[in-house]
Amino acid sequence: MCGIIGFTGTGDARGIILDGLKRLEYRGYDSAGIAIQRNNEINMVKAQGKVDNLVNLAVANDKLIGTCGIGHTRWATHGIPNDINAHPHMSEDGKFAIVHNGIIENQAEIKEKLLKKGMTFKSETDTEVMVQLLSFNYNGDIKKAIMKTVSEVTGSYGIGVLCTDNPGVIYAAKVASPLIIGIGVGENYFGSDITAFINHTKNVIDLDDNELAEIHKDKVIIYDYKGEEIKKEIRKVTWDIAAAEKSGYEHFMIKEIMEQPAAIKATIEPRIKNGKIDFDELNLDILKYNRVLITACGSAYYAGCVGKLVIEKLARLHVSMDVASELRYSDPMIDEETLVIVVSQSGETADTIAAIKEAKSKGATVLAIVNVVGSTIAKLSDYVIYTWAGPEIAVATTKGYTTQVAVFYMFAVWAAKKLNKIDDKQLEEYTNIIKHLPERAQRALDLNAKVKTLADKYYHNKSIFFIGRYFDYAVCLEGSLKLKEISYIHSEAYAAGELKHGTIALIDEGRLVVAACCYEPLLDKIISNIQQVKARGAEVLALAMEDNKKIFKEADDVLLVPKTNELFMSLVEIIPLQLFAYYVAKNNKCDIDKPKNLAKSVTVE
Ligand code: AGP
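Residues numbered from 1 in each chain as written. Predicted model: local features only at pLDDT ≥ 70, side-chain atom pairs only at ≥ 80, totals over all residues. Heavy atoms only, no water.

## A closer look at the overall build of the protein chain
Thinking step 1. From N to C terminus, the protein chain includes 19 helices and 27 strands.
Thinking step 2. Relative to a compact globule of 605 residues, whose C-alpha radius of gyration would be 25 Å, the protein chain shows 25 Å and is just as compact.
Thinking step 3. For the protein chain, the C-alpha atoms occupy an extent of roughly 75 × 50 × 45 Å along the three principal directions.
Thinking step 4. Each of the 605 residues in the protein chain was classed as buried or not, and the buried ones make up 61%.
Thinking step 5. Excluding contacts between residues fewer than 6 apart, the proportion of contacts in the protein chain whose partners are at least 24 apart in sequence is 72%. (Helix = DSSP H or I, 4+ residues; strand = E, 2+ residues; numbered from the N terminus. Rg over C-alpha atoms; globule rule 2.2 N^0.38 Å. Buried < 20%, exposed > 50% of the residue type's maximum accessible area, 1.4 Å probe, protein only. Contact = heavy atoms within 4.5 Å.)

## Considering the site of the ligand
Thinking step 1. The full set close to the ligand counts 14 residues, and Ser-344, Gln-345, Ser-346, Thr-349 and Glu-485 are the nearest of them.
Thinking step 2. Between the ligand and Val-395 there is a distance of 3.2 Å, counted from a nitrogen atom to a backbone nitrogen or oxygen.
Thinking step 3. Contacts to the ligand include Thr-397, whose backbone N or O atom sits 2.9 Å from an oxygen atom.
Thinking step 4. In the complex, the protein chains occlude 91% of the 410 Å² of accessible area that the ligand would expose alone. (Near = heavy atom within 4 Å. Polar contact = N/O pair within 3.5 Å; in protein donor to acceptor, adjacent residues only side chain to side chain. Areas by Shrake-Rupley, 256 points an atom, 1.4 Å probe, with all protein chains shown as cover.)

## Observations regarding the side chain of Ser-31
Thinking step 1. Secondary-structure assignment places Ser-31 in strand E2 (residues 31-38).
Thinking step 2. A polar contact is formed between the side chain of Ser-31 and the side chain of Asp-30, at a distance of 3.3 Å.
Thinking step 3. Excluding residues within four positions of it along the chain, Ser-31 makes contact with Ala-47, Gln-48, Gly-49, His-72, Thr-73, Arg-74, Asn-82 and Ala-86.

## Focus: the sheet that holds strand E10 (residues 188-191)
Thinking step 1. Across the sheet, which stays open at both edges, the 8 strands sit in the order E3-E2-E4-E1-E10-E9-E11-E15 with antiparallel pairing between neighbours. Both edges of this open sheet fall to strand E3 (41-48) and strand E15 (235-236), since each of them pairs with a single strand only.
Thinking step 2. Alignment of E2 against E3, held across 8 bridges, turns out to be antiparallel. Across the sheet, Ala-35 pairs through a bridge with Met-44, a residue of E3.
Thinking step 3. Running over the sheet, helix H1 (residues 13-23) touches strand E1 (3-8), E2, strand E4 (68-74) and E10 and is turned about 20° from E4.
Thinking step 4. Sheet strands touched by helix H2 (residues 51-59): E2, E3 and E4. Its angle to E3, the strand with the most contacts, is close to 140°. (Pairing = 2+ DSSP bridges. Axes fitted to C-alpha atoms, helices over the stretch in contact; angles between N-to-C directions.)

## Things to note about the sheet that holds strand E19 (residues 318-323)
Thinking step 1. Ordered in space as E19-E18-E20-E21-E22, the 5 strands form an open sheet in which the pairing is parallel. A strand with exactly one partner marks an edge of an open sheet, and here the two such strands are E19 and strand E22 (383-386). Adjacent strand axes in the sheet meet at a mean angle of 20° when their direction is disregarded.
Thinking step 2. Note that strand E21 (residues 365-370) and E22 share 4 bridges and pair parallel. Bridge assignment links Ala-368 to a residue of E22, and that residue is Val-384.
Thinking step 3. Helix H12 (residues 399-418) rests against strand E18 (291-296), strand E20 (338-344), E21 and E22 of the sheet, and its axis sits at about 155° to E20.

## A look at the nonpolar core
Thinking step 1. Ile-311, Ile-341, Phe-411 and Phe-568 are the most contacted members of the largest nonpolar core, which has 131 residues in total.
Thinking step 2. Residue contributions to this core peak at 13 residues, all from H12.
Thinking step 3. Core analysis: the second largest hydrophobic core is formed by 30 residues, Val-129, Ile-142, Ile-159 and Val-169 among them. (Core = buried A, V, L, I, M, F, W, Y, C linked by side-chain atoms within 4.5 Å.)

## Considerations on the packing of helix H8 (residues 298-315) against H12
Thinking step 1. Orientation of H8 relative to H12, taken along the N-to-C sense of each, is 20°, at an axis distance of 9 Å. Between H8 and H12, the crossing angle belongs to the class labelled roughly parallel. Pair H8 / H12 crosses with right-handed handedness. Contact with H8, carried on its side by Ser-299, Ala-300, Tyr-302, Ala-303, Gly-304, Val-306, Gly-307, Val-310, Ile-311, Leu-314 and Ala-315, involves Tyr-401, Gln-404, Val-405, Phe-408, Tyr-409, Phe-411, Ala-412, Val-413, Ala-415 and Ala-416 of H12 and no other residues of that element.
Thinking step 2. Of the residues assigned to the contact of H8 with H12, the class counts are 17 nonpolar, 4 polar and no charged. (Parallel < 35°, antiparallel > 145°, perpendicular 65-115°, else oblique. Left-handed = near helix turned anticlockwise from the far one by under 90°. Nonpolar A, V, L, I, M, F, W, Y, C, P; charged D, E, K, R; others polar.)

## Thoughts on the pattern of salt bridges
Thinking step 1. Summed over all chains, the structure comprises 40 salt bridges.
Thinking step 2. One salt bridge in this structure joins Lys-143 and Glu-214, with 3.5 Å as the shortest N-O distance. With Lys-143 in helix H5 (residues 142-152) and Glu-214 in strand E12 (residues 211-215), this pair connects stretches of sequence that are 71 residues apart.
Thinking step 3. Looking at Lys-143, the relative accessible area reads 23%, which means it is partly exposed.
Thinking step 4. Of the residues examined, Glu-214 reaches a relative accessible area of 9% and is grouped as buried.
Thinking step 5. A salt bridge links Lys-417 to Asp-424; the nearest nitrogen and oxygen atoms lie 3.8 Å apart.
Thinking step 6. The partly exposed category is assigned to Lys-417, whose relative accessible area is 24%.
Thinking step 7. Residue Asp-424 is classed as partly exposed on the basis of its relative accessible area, which comes to 43%. (Salt bridge = Lys/Arg side-chain N within 4 Å of Asp/Glu carboxyl O.)

## Details of the domain arrangement of the protein chain
Thinking step 1. Examined at the domain level, the protein chain breaks down into domain 1 (3-242), domain 2 (246-435) and domain 3 (445-593).
Thinking step 2. If you average the C-alpha positions of domain 1 and of domain 3, the two centres end up 45 Å apart. (Domains from an automatic or database assignment.)

## Looking at helix H3 (residues 107-116)
Thinking step 1. Every buried residue of H3 is accounted for by Gln-107, Ile-110 and Leu-114. Looking straight down H3, one finds that the buried residues subtend no more than 65° of arc, so they occupy a single side. For H3, the exposed residues set more than 90 degrees away from the buried face come down to Glu-109 and Lys-116.
Thinking step 2. Residues of H3 that are buried sit in contact with helix H4 (126-137) and H5.
Thinking step 3. Following H3 by one or two positions, Gly-118 has its phi on the positive side, about 100°. (Arc of directions from axis to C-beta.)

Below you can see the structure in the form of structure tokens.
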């Protein structure tokens, strides 16, 4: 969602901030803005639409020449996306400019109070309320004014502040919205994530909730909200710049699809010791729990759907599932004997964070499967397994999802052994299969040169159904989401046996049905479903193991999946569907990396 960058140093703040905003575009936004401090005044420019619109205005404005400033990409929550509601927002007296991620829940009361004091407002945003409150609270000490202001607001915020009385200094504070400080040489940064400034420095300080950073070009001081200075560690980010750039690919999504073998390897390899999956580093006593509940949103939830099946099959632990946005309000049946597994690429999804809080309030233990180190979800959870996928920039997750599935496989096998459901020989056998998944994923990419041709044939469809059973169904859920989010084609995933209970009414002449047929024990069942839809005129694109001869007689076309053990095939099986979604979206000329209305990390409810 919204992105933030701040810079102070000796270089060209305008150029650095505009470049940072381009890097933050992937998060999803509808307007952008920049404010530069110079000669005890703050000047700003804002523009609706793409960052390029802002760049055109900003480079033509000499008042934006300076060495200290803040920038923002906004994803509208309060007020429509337009120039006025875009950030930064300035106080009426011109003394303060602020950029803000999050939502101020009590903004209406504060605004009413400030209106009574004679203040006026230009925008419909909660952020303008915050900057006006800051100005109202100011009497010469900016730190005190920020602390007073944040103590009066409820909700979530990551803020960056400029004040004309403190030239060359940028301030940052946060509650429940990420902010990272970048430590350079003679220059420093803050950002809503590392991609904002990764081309300048990889040394970062993670700002925690209720901390205020005072950032000068040559020093950074962090305070708690009592005003006490606190020492924080500098962490070195292992991602490199190339990981956050397209490196010759047309889109981040296709680059990230292609990166999957390496990402899966990075996830798996460190957890194999002496030929066996080893999660002992976690120190988690799995014997303490009588059930597991998996919660997450979107694709992370669908990775959990695969996780549920494999944990139940191998470890024989009861696993229930709930999407995080529902779990938080459904008074879930969880207690001290429940292990809640949360899954999140970004580690910042608001609904998932709320689900963690709900689970912890009921005494459950929370294990997080997360990609972003130091993220809010990682910090809130009792145990963390990182997916090591590297930065994922495309809004549609690909390597994020497959590395989450890889973690579930390893966790299921590890738990099965701890619970004595498998013996040493099986542990080694399963470990060996998992170890070779990166090669299988590579083969899935190699096998699917044909996907583009099939996308050329089918991209004009207006509605596409995905059907499958058991593990195949779990993959269909993600395959269908992938297609709809980037190509805007209506699609639905159905458990194949459910079709006849209603949805088959929608199957008619020329309707495309993607049938996942990789789980061989149920092959005959899915073939019957294929025959049912074909009898009603549907075209069938099957997803099948490469040695499956039968399927060529049943389907119109086949997407091939490399032969993989049926318990661990979902990770490989999704790859042709990712490619199919990508090429269909490309043929439809969609904005693949930044689909309309979507944000990479959904930090509001
Ligand atoms: C995936 O392609 C989606 N854009 C979305 O469903 C995403 O998986 C979901 O919002 C959860 O995000 P998270 O993994 O960062 O928590």
